[in-house]
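So you can see what is in the structure, the chains are spelled out below.
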Amino acid sequence: MGGPDAFARMWATVLTETGYVAMDHRRLVDQVREYTEVLLAGLRADRFNPEPVERIGAGMVALRLAGAQTLGASLQLIGADLLRVVGGDDLRPELLPAVQGAFAAGFATAMREKVFRDQESIRRAALEARRGAESALMASEARFRAMFNQAAIGIAIADPDGTLLEVNRALSEMLGYRVDQLRGMNVTRLRFPDEPAAMRRPLEEISTGARDHYRMERLLRRSDGTPLWTDLTVSLVRDATGAPQYLVGMLEDITDRHMLEERLRHQANHDPLTGLGNRALFTERLTAAFARGGRHRVGLCYLDLDGFKVINDSLGHDIGDDLLVAVAARLDALVTGTGRMVARMGGDEFVVLVEDNSGRAELVALAERILSALAEPVPIGGHRLAVSASIGLVERSVVGATPAETMRDADVTLYWAKADGKNRWAGYDPDRNAREVARFTLSARMPAAVESEEFYVDYQPIVRLSDGELVGVEALVRWAHPEFGRLGPDQFIGLAEETGLIVPLGRWVLREATRQARRWHDTYGDRAPVVSVNLAARQTEEPTLVADVATIIRAANLPPSSIQLELTESAIMNTTGGPLRTLRELADMGIRIAIDDFGTGYSNLAYLRHLPVHAIKLAGSFMEGLRDSPTADPADAQIVTTLVTLSHALGHVVIAEGVEDPEQADRLREFGCDNAQGWLFAKPGRPEEIERWLEK
Ligand code: C2E
Ligand code: CA
Ligand code: CA
């Protein structure tokens, strides 16, 4: 268990080398051993909590372990050696910058407070020295001198107009001037020429006596022109009449801390591999673009390389990394000087942010340029790697939109670009999104809905045209959705086919319809209607279909000829072999087969004669032409007559669908059509309505 102990010893040595440590070495090692545990706990955390680590940063200041280079040296040691020396799988290297940051923050805050306390006591001593009673004067003057000379912070005493009267050694070292050079110099010479005027106002106010005290972070210029970041406090000392007499300035050199903060900030906001801004920086910029208000438009191209994983897996991660760097460089070249921003979002995902864009066309042009910039193969390690990307494009006014929505939409749109075939961009389309969300919601619920019987079956009469007798019913499924209300099959059957859920759902419908058929059979005997059930193409591909159907019909103890299965032409013809054999097996069992929506698909009449088909259902679309109306298409009537004649020649029963008015029924009768179904006779309804029909 040498790890943490070894690290604590290293740390103690570093502290001793970089600062004045009052503690004896054994106690120091024990102390930093405790600190090491806190750091390690931070690196093990599921959710990093900065507070304990900040506290040890502050603790170092409180225990006077803090010299001029203490912070930098400790951070360096933590960064370079902690994981290496301690090891352990439970430590998460990605938390290291956060741990360092918390440590630095705790240290810096405590240091600033300590300096401020020191400054207060110096200021008080200076005041006492000036105003002190006769007897105390000598003593306080001496105390002030001692503090002035030995202080680690820079101290300056100046005229109200800023001419330096006295400076201490620490300040002269900070600024790189000799003490005698500084005496008589005006503080304005220590400024950077182009600093904002607002930085000067506090000094003007204190010189005129308008205020007594101020404190700010102030950038000064050293004798060699280099920058000196200071934490500056200036206090006014007034004379007996209250008029400004002296200014006392106290300066802490915070240049290292400032640089460190800058570096940590840069690290926290940039991707080390490509040097691009990272997700955090991008999110900050996007949020700021929305927060800025006004009516401007924000756009982004969110891109993901196509097939990057294959390159990574086959050519190795080094080449993968090189490729990412090359892509980053091309994207960067596209945006430099345009005010746009590229960031790496992680993995092989990048984003280009276009603030203040002129509209969608600008984003489309950018997406096109990105695609062509990536089209040129990338030479890496002797390969010429072809790379392409898919881009999700989102462009909108900031009014009424949020960054989170925008990112979510970009994500969805990127997915569309991939799904639509890759190496392309897709633009955000709210209608497409709404459709997909609705579809997703429905398909997610469907399995549970089959289980919990949210589906039910309505039945629509099929009548004989010659005498209006009820000969059959079509079973039509409905969904009583708890949220969306009653849904028709057009809203979910297609979806169920895509997800494969049509198989269990179709089985359920068939079982339900068969049980119903059994009940009617018991009550009405030979007068019971044939129950016609729709079968989706996807179901006919199911190897167990024939067995399932056989089981269901047997379980109901029903003659198979009481059931008819409806399939569309395309379901029968678009696949070869399997479905046709299935159809034969079903027909051989004695089940009737009907071709649904006939006339809308291939209508391969020659093929029809080889099929084990009992009935043809003429598509409802032909009924338009049979209306008694000037807009009726006479070709429809021609087609219907032909189909009826042909079907009869092949021995099939013909059923017309979608019959809505008496004229249509008359024409169909005239053409010799056998049966019909449609609103003229009845809409689909509950089983009781069929019973009422049978009983009248
Ligand atoms: P389909 O098989 O062509 O069913 C006939 C559709 O026409 C039904 O719509 C019915 O309500 C409607 N209809 C009936 N008479 C008339 C009329 O006079 N005029 C008009 N304009 N329409 C009429 P529905 O119930 O919305 O069903 C739509 C489609 O959903 C069905 O078309 C069928 O393809 C499918 N479907 C329904 N239930 C099932 C099922 O259990 N399994 C499968 N796989 N598909 C089903
Ligand atoms: Ca049907
Ligand atoms: Ca139909």
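Just so it is clear, the model here is predicted, and its values are computed rather than measured. (Residues numbered from 1 in each chain as written. Chains lettered and ligands numbered in written order. Predicted model: local features only at pLDDT ≥ 70, side-chain atom pairs only at ≥ 80, totals over all residues. Heavy atoms only, no water.)

1. Some details on the coordination of the calcium ion (ligand 2)
Applicable threshold: Excluding water, the donors of a metal are its N, O and S neighbours within 2.8 Å, or within 3.2 Å for Na, K and Ca, and that exclusion means sites may look incomplete. Secondary structure elements are defined from DSSP: runs of H or I of at least 4 residues count as helices, runs of E of at least 2 residues count as strands, and each element is numbered from the N terminus. When a residue's accessible area, from a 1.4 Å probe over protein chains only, is under 20% of the maximum for its type it is buried; when over 50% it is exposed; and in between it is partly exposed.
At 2.1 to 2.3 Å from the calcium ion (ligand 2) lie its protein donor atoms, namely Glu 474 (OE), Asn 534 (OD1), Glu 566 (OE) and Asp 596 (OD). When the donor residues of the calcium ion (ligand 2) are listed from N- to C-terminus, their spacing reads E-x59-N-x31-E-x29-D. Taken as a pair, the calcium ion (ligand 2) and the calcium ion (ligand 3) show a spacing of 3.7 Å, with Asp 596 coordinating each metal. Of the two residues, Glu 566 sits in strand E17 (residues 563-568) while Asp 596 sits in strand E18 (residues 592-598), which places them 30 residues apart along the sequence. Residue Glu 566 is classed as buried on the basis of its relative accessible area of 1%.

2. A word on the sheet that holds strand E6 (residues 297-305)
The condition that has to hold: For two strands to be treated as a pair, DSSP must find no fewer than two bridges joining them. A fitted line through C-alpha atoms serves as each axis, taken over the contacting stretch for helices, and the angle formed by two N-to-C directions is quoted from 0 to 180°.
If you trace the five strands from one edge of the open sheet to the other, you get E7-E8-E6-E11-E12, paired in mixed fashion. The open sheet has two edge strands with one neighbour each: strand E7 (341-346) and strand E12 (425-427). Between one strand axis and the next, the sheet turns through 20 degrees on average, direction left out of account. Relative to strand E8 (residues 349-354), E7 runs antiparallel, the two sharing five bridges. Opposite Arg 344, over in E8, you have Phe 350 as the bridge partner.

3. As for unusual backbone geometry
Here Asp 356, not a glycine, exhibits a phi torsion of approximately 50 degrees, which is positive. By the secondary structure assignment, Asp 356 is in the loop between E8 and helix H14 (360-375). Phi is positive for Glu 453, close to 55 degrees, though the residue is something other than glycine. Among the structural elements, Glu 453 can be located in the loop between helix H16 (430-451) and strand E13 (455-464).

4. Comments concerning helix H10 (residues 255-269)
Here is the rule we go by: A helix is expected to span 1.5 Å multiplied by its residue count minus one.
An ideal rise of 1.5 Å per residue puts 21 Å on 15 residues; H10 measures up with 21 Å between its terminal C-alpha atoms. Within H10, burial applies to Thr 255, Arg 257, His 258, Leu 260, Leu 264 and Asn 269.

5. Points about the coordination of the calcium ion (ligand 3)
Protein-derived ligands of the calcium ion (ligand 3) are Asp 596 (OD), Asp 597 (OD), Glu 657 (OE) and Glu 657 (OE), with the metal-ligand distances lying across 2.3 to 2.5 Å. Look at Asp 596 and you get buried, because its relative accessible area is 8%. Overall, Glu 657 belongs to the buried group, its relative accessible area being 12%.

6. A look at the UniProt feature "domain: GGDEF" (unreviewed entry) in the protein
The line we're drawing: UniProt positions are given in the numbering used here, feature names are shortened, and annotations may be inferred rather than shown by experiment.
Per the UniProt annotation, the sites labelled "domain: GGDEF" (unreviewed entry) are residues 296-430. Annotation note: span residues 296-430, helix share 45%, strand share 29%, distance between end C-alpha atoms 20 Å.

7. Some points on the nonpolar core
Inclusion rule: Here, nonpolar core refers to any group of buried Ala, Val, Leu, Ile, Met, Phe, Trp, Tyr and Cys residues whose side-chain atoms link them within 4.5 Å. Throughout, a contact is declared for two residues whenever any of their heavy atoms are within 4.5 Å.
If you look at the biggest cluster of nonpolar residues, it comprises 78 residues, and the most contacted ones within it are Phe 455, Tyr 459, Val 531, Ile 563, Leu 565, Leu 611 and Leu 668. Those residues in contact with Phe 455, other than ones at most four positions away along the chain, are Met 446, Ala 449, Val 450, Val 477, Arg 478, Trp 479, Phe 492, Leu 505 and Trp 508. Judged by nonpolar contacts, the second largest core, of 37 residues, contains Leu 28, Leu 39, Ala 110 and Leu 260.

8. What to know about the domain arrangement of the protein
Accessible area lost upon the coming together of the parts is a frequently used measure of interface size. Stated precisely, the cut-off is as follows: Per the annotation, domain bounds derive from an automatic or database assignment of domains.
Once the domains are mapped, the protein shows domain 1 (3-114), domain 2 (151-259), domain 3 (271-428) and domain 4 (459-476 + 502-695). Each of domain 3 and domain 4 has a C-alpha centre, and the two are 53 Å apart.

9. Notes on the site of ligand 1
Note the threshold: Any residue with at least one heavy atom within 4 Å of a molecule or strand is counted as near it. The definition of a polar contact used here is a pair of N or O atoms within 3.5 Å, where within protein one atom must be able to donate a hydrogen and the other to accept one, and adjacent residues in sequence count solely through side-chain atom pairs. The Shrake-Rupley method, run with a 1.4 Å probe sphere, supplies the accessible areas, and residue values consider only the shown protein chains as cover. Under this grouping Gly is polar, as are all residues other than the nonpolar Ala, Val, Leu, Ile, Met, Phe, Trp, Tyr, Cys and Pro and the charged Asp, Glu, Lys and Arg.
The local shell around ligand 1 holds 22 residues, among which Gln 460, Arg 478, Asp 596, Glu 660 and Trp 679 are the closest. With respect to ligand 1, the side chain of Asp 597 contributes an N or O atom lying 3.3 Å from an oxygen atom. In isolation ligand 1 has 800 Å² of accessible area, and contact with the protein removes 78% of it. Of all elements in the fold, only strand E14 (470-481), helix H18 (502-524) and E18 reach the threshold of two or more residues within the shell around ligand 1. With four residues, the single largest contributor to the shell around ligand 1 is E14. The residue makeup of the shell around ligand 1, split by class, is 10 nonpolar, five polar and seven charged.

10. With respect to the packing of helix H2 (residues 25-44) against helix H4 (residues 70-86)
Relative placement of two packed helices is described by the angle separating their axes and the distance separating the axes. Basically, it comes down to this: Under this scheme an angle from 65 to 115 degrees is roughly perpendicular, one under 35 degrees roughly parallel, and one over 145 degrees roughly antiparallel; angles in between are oblique.
Remark: H2 packs on H4, axes separated minimally by 12 Å, with the N-to-C direction vectors making an angle of 85 degrees. The angle between H2 and H4 places the two elements in the roughly perpendicular class. Where H2 abuts H4, its residues Thr 36, Leu 39, Leu 40 and Leu 43 lie against Ile 78, Leu 82, Leu 83 and Val 86. The residue inventory of the contact of H2 with H4, partitioned by class, reads seven nonpolar, one polar and no charged.

11. What about the UniProt feature "domain: PAC" (unreviewed entry) in the protein?
Mapped onto the present numbering, the UniProt feature "domain: PAC" (unreviewed entry) falls at residues 214-266. Spanning residues 214-266, this segment combines 23% helix with 57% strand, and its end C-alpha atoms are found 30 Å apart.

12. Looking at the packing of helix H24 (residues 634-649) against helix H25 (residues 662-671)
The condition that has to hold: Here is the rule for handedness: rotate from the far helix to the near one, and if that takes an anticlockwise turn smaller than a right angle the crossing is left-handed, while a clockwise turn gives right-handed.
Between H24 and H25, the least distance of the axes is 10 Å, while the angle of their chain directions is 40 degrees. Compared by their axis directions, H24 and H25 come out oblique. Crossing hand, H24 versus H25: right-handed. Along its contact with H24, which presents Ala 637, Val 640, Thr 641 and Val 644, the element H25 presents Arg 667, Leu 668 and Phe 671.

13. What to know about the sheet that holds strand E2 (residues 164-167)
Two strands in a sheet stick together by hydrogen bonds in their backbones, pointing the same way (parallel) or opposite ways (antiparallel). Reading across from one edge, E2-E1-E5-E4-E3 is the order of the five strands in this open sheet, with antiparallel pairing throughout. Since the sheet does not close on itself, it has two edges, and those belong to E2 and strand E3 (213-221), each with one partner. The sheet shows a mean angle of 25 degrees between the axes of neighbouring strands, taken without regard to direction.

14. Looking at the packing of aromatic side chains
For clarity, the cut-off: Only Phe, Tyr and Trp rings take part, Trp by its six-membered ring, and two of them pair if their centres are within 6.5 Å. Stacked means planes under 30 degrees apart, edge-to-face means over 60, and tilted covers everything else. By the criterion adopted, a ring carries a charge over it if an Arg CZ or a Lys NZ lies within 6 Å of its centre and within 35 degrees of its normal.
Applying the stated criterion across every chain, the model contains nine aromatic pairs. Taken together, the aromatic side chains of Phe 7, Trp 11, Tyr 35, Phe 103 and Phe 107 make up a single cluster linked through ring pairs. Between the NZ or CZ atom of Lys 683 and the centre of the ring of Trp 679, over which it lies, the distance is 4.4 Å.

15. Things to note about the side chain of Glu 569
Note the following rule: A positive count includes Lys and Arg, and a negative count includes Asp and Glu. His and the chain ends are not counted in either. Whenever a carboxyl oxygen of Asp or Glu lies within 4 Å of a side-chain nitrogen of Lys or Arg, that contact is scored as a salt bridge.
Its location among the elements puts Glu 569 in helix H21 (residues 569-573). Buried and unpaired, Glu 569 has no salt bridge, with Lys 617 as the nearest side chain of opposite charge at 13 Å. Of the polar contacts made by the side chain of Glu 569, one reaches the backbone nitrogen of Gly 599; its length is 3.3 Å.

16. Structural notes on the pattern of salt bridges
Counted under the stated rule, the structure contains 47 salt bridges. Arg 285 serves as the salt-bridge partner of Glu 355, at 3.0 Å between the closest nitrogen and oxygen. In this pair, Glu 355 is assigned in the loop between E8 and H14 and Arg 285 in helix H11 (residues 279-291), connecting sequence segments 70 residues apart. Judged by its relative accessible area of 21%, Glu 355 falls in the partly exposed class. Arg 285 sits in the partly exposed class, given a relative accessible area of 32%.

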